[in-house]
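Working through the structure, step by step
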Amino acid sequence: MTRTAPLEQDILVLTDTDGTEIPVPVRRSARARRMLLRVDPVRGGPELVLPAGAKLEAARTFATGNLGWLRARLAHLPARTSFGHGAAVPILGRAHVIRHRPDQRGGVWRVEDPDGSVELHVSGAEEHLARRVTDFLKGEARRTVGPRAKLHAEALGRKVGRVTVRDTATRWGSCSSRGDLSFSWRLVLAPEEVLDYVVAHEAAHLVEMNHSDRFWALVERLMPDYRRPRAWLKRHGSKLHAYG
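Notes on the structure follow. Just so it is clear, the structure is predicted and the values come from calculations on it, not from any experiment.

A closer look at the packing of aromatic side chains
Taken as a whole and assessed by the stated rule, the structure comprises three aromatic pairs. Ring geometry for Y197 against Y226: centres 6.2 Å apart, planes inclined by 15°, an arrangement best described as stacked. Note that Y197 is positioned in helix 4 (residues 192-204) and Y226 in the loop between helix 5 (213-222) and helix 6 (227-240), a separation of 29 residues in sequence. The same class applies to Y197 and to Y226, which are both buried.

As structure tokens, this is what we get:
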């Protein structure tokens, strides 16, 4: 499906009751039928979507009228964690503390201390640190989801096509009509059973391309306790987008 590109973009600066200024990007879309104020957990901020012919002053009035709602939603956004020295990053439910090692070579590697804590050592220049950590996590996601997808598919008597990982904003996984599976690399930041649930979910789509009772029966066959990780993802999934 071809997406319609934004027609124009402005920034509305709203002033809260305490004087705090809240910049709100405005996106005009030919597909929009009404004004829509939303908070994007991926980008970590608000966005106002307008129909192509909407006036900016009308948009300001609309956004100002919903300022209380916007303030509450922004307050509940998870705090962002940059991939920098000293930051703690969960990998399959286990915290890894990033340590910059500019004087060493080897890319990114794990170091486990005797006390059980784990560090993620990153070589190279500081300006490349975040990218190297991201690339490492993407690689971990590929190595984790690929074999699991094949095992789940085999359990259902199906074969998987290509398995890819991407930085998707709205879906944790998808299954094409050709049997190709795609997953968000950010699943590697979730507990292991959560990642496994999403892989099982998409593998079940190899048989049922829907969310019927038959589909959920297949998911339960692959993962009898799937409701618990599914609930975790609904409650905490937005936090995974706050890393990096």
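That was the structure; now back to the text.
Topic: unusual backbone geometry
Not every positive phi belongs to a glycine, and L92 is a case in point at roughly 50°. Here L92 shows up in the loop between strand 5 (88-91) and strand 6 (94-101). Taking the relative accessible area as the measure of exposure, L92 reaches 26% and is therefore partly exposed.

Description of the sheet that holds strand 10 (residues 173-175)
Reading across the sheet, the three strands line up as 9-11-10 and stay open at both edges, with mixed pairing between neighbours. Each edge of the sheet is formed by a strand with only one pairing partner; in this case those strands are strand 9 (163-166) and strand 10. Each neighbouring strand pair of the sheet contributes to a mean axis angle of 15°, computed without reference to strand direction. Two elements, strand 9 and strand 11 (residues 181-184), share four bridges in a ladder whose sense is parallel. When the sheet's bridge partners are listed, T164 is paired in strand 11 with S182. Against the sheet, helix 3 (residues 129-155) makes contact with strand 9 and strand 11, and its axis sits at roughly 145° relative to strand 9, the strand it touches most.

Here we look at the nonpolar core
Core analysis: the biggest nonpolar cluster contains 47 residues, and F83, I98, V133, L137, W185 and L189 have the highest contact counts within it. Looking at this core, the elements that each hand over two or more residues are strand 5, strand 8 (118-123), helix 3, strand 11, helix 4, helix 5 and helix 6. Not counting residues up to four positions away in its chain, the partners in contact with I98 are F83, G84, H85, G86, A87, V89, L120, V122, L129 and V133. Membership of the second largest hydrophobic core comes to 15 residues, among which are L14, L50, L67 and L70.

A few points about the pattern of salt bridges
Tallied over the full model, the rule gives 18 salt bridges. Here R99 makes a salt bridge to E119, at a shortest N to O gap of 3.2 Å. Of the two residues, R99 sits in strand 6 while E119 sits in strand 8, which places them 20 residues apart along the sequence. Judged by relative accessible area, which is 25%, R99 ranks as partly exposed. Looking at E119, the relative accessible area reads 15%, which means it is buried. In this structure, R227 engages E220 in a salt bridge whose closest nitrogen and oxygen atoms are separated by 3.5 Å.

What counts and how
- Counting from 1, residues in each chain are numbered in the order their sequence is written.
- In view of the model being predicted, local features appear only for residues whose pLDDT reaches at least 70, and side-chain atom pairs are presented and counted only at 80 or more, with totals across whole chains, interfaces and linings using the full set of residues.
- The basis for every side-chain value is the complete set of heavy atoms in the structure, and neither hydrogens nor water enter the calculation.
- Any Phe, Tyr or Trp ring, taking Trp's six-membered ring, that has another such ring centre within 6.5 Å forms a pair; planes under 30 degrees apart are called stacked, those over 60 apart edge-to-face, and the others tilted.
- In this description a helix means any DSSP run of H or I spanning at least four residues, a strand means any run of E spanning at least two, and both kinds are numbered starting from the N terminus.
- Working definition: with a 1.4 Å probe on protein chains only, accessible area under 20% of the residue-type maximum means buried, over 50% means exposed, and in between means partly exposed.
- Strands qualify as paired when DSSP identifies two bridges or more between them.
- Every axis in this analysis is a line fitted to C-alpha atoms, fitted for helices over the stretch in contact. Angles between the N-to-C directions lie between 0 and 180 degrees.
- Whether two residues touch is decided by their heavy atoms; if any such pair falls within 4.5 Å, the residues are in contact.
- To qualify as a nonpolar core, a set must consist of buried Ala, Val, Leu, Ile, Met, Phe, Trp, Tyr and Cys residues joined through side-chain atoms within 4.5 Å.
- The term salt bridge refers to a pairing of a side-chain nitrogen on Lys or Arg with a carboxyl oxygen on Asp or Glu at a separation within 4 Å.

Remember that the coordinates give geometry; whether it matters functionally is a separate question.
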